[in-house]
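Overview (structure and organization)
One-letter residues, chain by chain:
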Amino acid sequence: MAQYDYLIVGAGLFGAVFAYEATKRGKKCLVIDKRSHIGGNIYTENIEGINVHKYGAHIFHTSDKAIWDYVNQFAEFNNYINSPVASYKDELYNLPFNMNTFSKMWGIKKPSEAKEIIAKQIADLNIGEPANLEEQALKLVGTDVYEKLIKGYTEKQWGRPCSELPSFIIKRLPLRFIYDNNYFNDRYQGIPIGGYTQIAEKMLAGSDVKTDTDYFEFIKENPGIADKTVYTGQIDEFFGYQYGPLEYRSVRFETEVLNEENYQGNAVVNYTHRDIPYTRIIEHKHFEFGKQEKTVISREYSAEWKPGVEPYYPVNNDKNNELYLKYKALGDARKDVIFGGRLGQYKYYDMDKVIAAALECVNEEFN
Ligand code: FAD
Ligand code: UDP
């Protein structure tokens, strides 16, 4: 008889929600992660009294009240509203694209003036149904905003020309003709007071957890350890890259403690010019309105994924989506394994969507 009902590979949000729900239903779970800590990409670490988002800025936002209530069981959230600014040469703009951005860019005041300028800029481009990110962005905001705030940033972030990227990526950002710098349109938004790691800790409290444990080595030594596996690592790696590797973007974080109270005056500053090698600088204390004497900042450098580095973003273009379907078919045939999360389902999921997907999976498994 197997020692556990479930072996859960990955102590990130998907794995942790599954473990919590399975344990609640009387199942015995072992959760392993190759990293030295739990939480996956939502992991926060306290440095100088500041909760540092070790894997990039994480702002919880959702329009789904059930998901908001669910996550609030595990932490109290503050009233942080994400309002990044974009630095382009010596100019500074509010994000997302809204009347503050347009007013600064064109010296105008009224929505009708902004709409007129954008319409003039795209009149000659003859864009029908946008076929890629470049066409989508131009159609939405015109050439000035595209050239200054989108093109350089996106090409650094994804390492591909905007014309070769799917349009849905830019539709993540709101476009508004009102003066409103809220980066999200969602009804609920905030940062867990005290950081994200507590969420994973509480979710995993009833499970056995082993960090610094890679699945592929572990399973060789413990082949029959569980009846079923929930796998939240890369699906292509699980199947030995037999159809070739899927593409991912990786990020390198350069984190520094500074002997000053307030470095950039905002949690997130994007650097949208191509010549600045990083995409953004995060000043972590501002997520929790910190007043510490020191500050911690992280520069984010985007890079193509290769074996041995962390895969963070699936590159969901047509080529990769087709390849993913081949791996998904192999996954579907494995009745003993559930594939979940950003890497297991090769999907550019936000946290709320990962929780929703994990709960749906729990529903299918237990109902
Ligand atoms: P992960 O957190 O990646 O967990 C998977 C775990 O599996 C990892 O810990 C990994 O080490 C482990 N693993 C993989 N392979 C193996 C193996 N072979 N053996 C053992 N363990 C293995 N979402 C938002 O809602 N708001 C944001 O502001 C936001 N910002 C983000 C910023 C960045 C830079 C990134 C990269 C993501 C951001 N996200 C944001 C998305 C969010 O991080 C994800 O939705 C969520 O963390 C995914 O959870 P997961 O469990 O699917 O994956
Ligand atoms: N983006 C941009 N300029 C910016 C910020 C974002 O062009 O200043 C584009 C870019 O293509 C990015 C996408 O919008 O990949 C989605 O941005 P988001 O902030 O949601 O990305 P994430 O936080 O997931 O990295």
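Everything that follows concerns the structure shown earlier in this document.
So, here's what we can say about the structure. (Residues numbered from 1 in each chain as written. Chains lettered and ligands numbered in written order. Predicted model: local features only at pLDDT ≥ 70, side-chain atom pairs only at ≥ 80, totals over all residues. Heavy atoms only, no water.)

Turning our eyes to something else, we now look at the pattern of salt bridges. Applying the stated rule across the entire model yields 22 salt bridges. The shortest N-O distance in the salt bridge between R35 and E310 comes to 3.0 Å. Taken together, the positions of R35 in the loop between β2 (29-32) and β3 (44-47) and E310 in the loop between β14 (295-304) and β15 (313-314) put the pair 275 residues apart, joining distant regions of the chain. Judged by its relative accessible area of 12%, R35 is buried. Residue E304 pairs with R160 through a salt bridge whose shortest N-O separation is 2.8 Å. In this pair, E304 sits in strand β14 while R160 sits in the loop between α5 (133-158) and β8 (188-190), placing the two residues 144 residues apart along the sequence. Salt bridges sharing common partners tie together R160, E247, R249, E304 and K319. (Salt bridge = Lys/Arg side-chain N within 4 Å of Asp/Glu carboxyl O. Helix = DSSP H or I, 4+ residues; strand = E, 2+ residues; numbered from the N terminus. Buried < 20%, exposed > 50% of the residue type's maximum accessible area, 1.4 Å probe, protein only.)

With that settled, consider the packing of helix α3 (residues 99-106) against α5. One can describe the packing of α3 onto α5 by two numbers: an axis separation of 12 Å at closest approach and a directional angle of 90 degrees. What the angle tells us is that α3 and α5 run roughly perpendicular. For the pair α3 and α5, contact is made by T101, F102, M105 and W106 and by V141, D144, V145, K148 and L149, respectively. A class-by-class count of the residues in the contact of α3 with α5 yields six nonpolar, one polar and two charged. (Axes fitted to C-alpha atoms, helices over the stretch in contact; angles between N-to-C directions. Parallel < 35°, antiparallel > 145°, perpendicular 65-115°, else oblique. Contact = heavy atoms within 4.5 Å. Nonpolar A, V, L, I, M, F, W, Y, C, P; charged D, E, K, R; others polar.)

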